[in-house]
There are 2 protein chains.
Amino acid sequence: MPSHIGRARFEGLPEDLRRALINARHANRWSQRELASRVGLPQVHISAIETGKVAPRFNTLLNLVRILGFDLLLVPRPLVPAVQSLVRDSAHPGSQDTAEDERPLYTTEDAE
Amino acid sequence: MPSHIGRARFEGLPEDLRRALINARHANRWSQRELASRVGLPQVHISAIETGKVAPRFNTLLNLVRILGFDLLLVPRPLVPAVQSLVRDSAHPGSQDTAEDERPLYTTEDAE
DNA sequence: CGTTTCAATATGCTTTACTATATCAAACTT
DNA sequence: AAGTTTGATATAGTAAAGCATATTGAAACG
């Protein structure tokens, strides 16, 4: 098999999620190596996840987001907008926050 | 190297999540085969996921929960209780719901 | 009875997450 | 300048997800 025919099979995490991860890491002022050692993953893997070259297993991602101060919640479709605005509200720039900025939370782009 | 020393390495999804998945499937009155064909996974895999023999990749799980009428949202730790009660509230039996019951949403058991 | 449906298990195979290591070019530090 | 940090890339190996198929057993039918 030729080596580079269709390299478009990998999906990687949804863009929004990836950006949220990067933002969260920045908010904590952690380097990829910092985060990596905390999660117990090699730095290589953090890079791969953030750049979309890898779609981690759920448990791996769960560890990641928890160490970043987040959690992954299962929420019924109809409630998604409510939860999202709730989250957005709490991240408002009115007062001062714990870290830099944690803005664009994972928008659940559904295209179907 | 002996190959069968500790077979306790598999984690599988968190119990609560697994139960939520099963409940959601039942709520839709779908068999594992039904769900499997909708998601595009073999029934074997659904069984393995539900019984905790497999920890799927995030994207796989995301497909699953979306077809089941849910979504996976990234929410900041401090907001988790609020979101959870919001979700719990919306599942109240006041009116009549689309399907059976969708109770115990994924409790985020952290053991750090 | 036999048949169907459901869930779970088993085997073999392919793909890929994950591990470990080393390297690299930029940016920042001293 | 030399040295460090950061993010990314490369290679190679192992473990496990995912695919396909067949089978099992139990429960609910006829």
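The present account deals with the structure reproduced in this document. Bear in mind the structure is a predicted one, so any value in this text is a computation, not a measurement. (Residues numbered from 1 in each chain as written. Chains lettered and ligands numbered in written order. Predicted model: local features only at pLDDT ≥ 70, side-chain atom pairs only at ≥ 80, totals over all residues.)

Right, let's talk about the protein's contact with DNA strand D for a bit. Close to DNA strand D lie 20 residues; Ser31(A), Gln32(A), Pro56(B), Arg57(B) and Thr60(B) are nearest. Elements that contribute at least two residues to the surface near DNA strand D include exactly α2 (32-39) and α3 (43-50) of chain A together with α3 (43-50) of chain B. Among the elements that make up the surface near DNA strand D, the one with the highest residue count is α3(A) (four residues). Here the surface near DNA strand D is composed, by residue class, of eight nonpolar, seven polar and five charged. (Near = placed C-beta within 6 Å. Helix = DSSP H or I, 4+ residues; strand = E, 2+ residues; numbered from the N terminus. Nonpolar A, V, L, I, M, F, W, Y, C, P; charged D, E, K, R; others polar.)

Let us now look at the protein's contact with DNA strand C. Not every one of the 20 residues close to DNA strand C is listed here, only the nearest: Pro56(A), Arg57(A), Thr60(A), Ser31(B) and Gln32(B). Going through the elements one at a time, α3 of chain A together with α2 (32-39) and α3 of chain B are the ones with two or more residues in the surface near DNA strand C. Within the surface near DNA strand C, the residues separate by chemical class into eight nonpolar, seven polar and five charged.

This next bit is on the interface of chain A and chain B. On the side of chain B, 31 residues touch chain A, which itself brings 31 residues to the contact. With seven residues, the single largest contributor to the side of chain A that touches chain B is strand β1 (residues 70-76) of chain A. Looking at the side of chain A that touches chain B residue by residue, the class counts come to 22 nonpolar, four polar and five charged. Relative to strand β1 (residues 70-76) of chain B, β1(A) is paired through seven bridges, and the arrangement is antiparallel. Counted as the bridge partner of Pro76(A) is Phe70(B) from β1(B). (Contact = placed C-beta atoms within 7 Å. Pairing = 2+ DSSP bridges.)

Moving on, we come to the relation of the copies chain A and chain B. Between the two copies of this chain, the relationship is a rotation about some axis together with a displacement along it. Of the transformation superimposing chain A on chain B, the axial component is 0.0 Å and the angular component is 180 degrees, with the fit at an RMSD of 0.1 Å. Viewed as a symmetry operation, the transformation between the two copies matches a two-fold axis. It is Arg57(A) whose C-alpha, among those of chain A, lies nearest the rotation axis, at 1.8 Å. Most of the interface of chain A is mirrored in chain B, where 97% of its interface residues are also at the interface. (Least-squares fit on C-alpha atoms with pLDDT ≥ 70 in both.)

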